Amino acid sequence: ESPGVLRLPADWSMRTKPTIAIGQEILVTAIQMATAATPLANGGMLIRPRTLSRVTDASGAVVDDPEPISVRRVMDERTAASVLSAMEAVVLDSGTGKRARISDLRMSVKTGTAQMIAPATRRYSDTDFIASTLAMFPSQAPEYIVYAAIIKPRGESFYGGRIAAPLVRDAANIVADLYGVAREGST
């Protein structure tokens, strides 16, 4: 796993704080993005991410069934609930994540469109982007996080809400069916 990139505060410019707030001047991996979302799903507690639910042997017997590991509290429970609620509104018709919406599954979504650095100029590119979408579901008690990032998208759009959100919707549908996530209106 890459450590990502975040310069030491002593090396920050006057622009660093405002640009970090919109996702510039940092590099993160997909697992780091998912980890950053865990406090919102867990009442403000940062949880060590897991990419598997359990380990079984060849006969199907469970060898390891790890429990979630809490790392530390990073925000107040009310703040986490408020942000999670705001992210649920992102899938409304007026939201950037409307293409991630699943009609019978409450989801909390964040879309992103980040400029990439052009190696030749070492400035933000006007043509190269990362389009991303992150979803947590079910919103009322999130158990799953799905994240997709498309590097240097080409075609009709480069916005995360346009091209990554449908991919996240499809993946979330598969995960929900695979793990039996309750859908609205189902028993």
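Here the structure is shown first, and the text comes after it.
Residues numbered from 1 in each chain as written. Predicted model: local features only at pLDDT ≥ 70, side-chain atom pairs only at ≥ 80, totals over all residues. Heavy atoms only, no water.

Trainee: Looking at this structure, I do not really get the pairing of strand S9 (residues 144-151). What am I missing?
Mentor: The two faces of a sheet get side chains in turn, since along a regular strand they alternate between them. Both strand S8 (residues 123-137) and S9 contribute to a ladder of eight bridges, which runs antiparallel. Within the sheet, the bridge partner assigned to Leu134 lies in S9 and is Tyr147. (Pairing = 2+ DSSP bridges. Helix = DSSP H or I, 4+ residues; strand = E, 2+ residues; numbered from the N terminus.)

Trainee: It is not clear to me how the packing of aromatic side chains should be interpreted in this structure. Could you clarify?
Mentor: Both the distance between ring centres and the angle between the ring planes are used here to describe each pair of aromatic rings. Tallied over the full model, the rule gives four aromatic pairs. Both rings, one in Tyr144 and one in Tyr179, keep their centres 5.5 Å apart while their planes meet at 25 degrees; by these two values the pair is stacked. Linking Tyr144 in strand S9 with Tyr179 in helix H5 (residues 165-179), this pair joins segments that are 35 residues apart in sequence. On the accessibility criterion, Tyr179 (44% relative accessible area) is partly exposed. (Phe/Tyr/Trp six-rings, centres within 6.5 Å; stacked < 30°, edge-to-face > 60°. Buried < 20%, exposed > 50% of the residue type's maximum accessible area, 1.4 Å probe, protein only.)

Trainee: How should I be thinking about helix H2 (residues 30-41) in this particular structure?
Mentor: In an α-helix there are 3.6 residues to a turn, and that puts residues three or four apart on one side. End to end, H2 covers 17 Å across 12 residues, agreeing with the expected 16 Å (1.5 Å per residue, within 8%). Taken together, the buried positions of H2 are occupied by Ala34, Thr35, Ala37, Thr38, Pro39, Leu40 and Ala41. Next to the buried residues of H2 lie strand S3 (45-47), helix H3 (77-88), S8 and S9. (Expected span 1.5 Å × (residues − 1). Contact = heavy atoms within 4.5 Å.)

Trainee: How do you make sense of unusual backbone geometry when you look at a structure like this?
Mentor: In terms of backbone geometry, most residues other than glycine have negative phi values and most peptide bonds are trans. Looking along the chain, the bond that leaves Phe137 and enters Pro138 is cis, with omega of -10 degrees. Secondary-structure assignment places Pro138 in the loop between S8 and S9. Residue Arg122 is not a glycine yet carries a positive backbone phi of 60 degrees. Its identity as a non-glycine residue notwithstanding, Lys152 has a phi of 50 degrees, on the positive side. Considering the arrangement of structural elements, one finds Lys152 in the loop between S9 and helix H4 (160-163).

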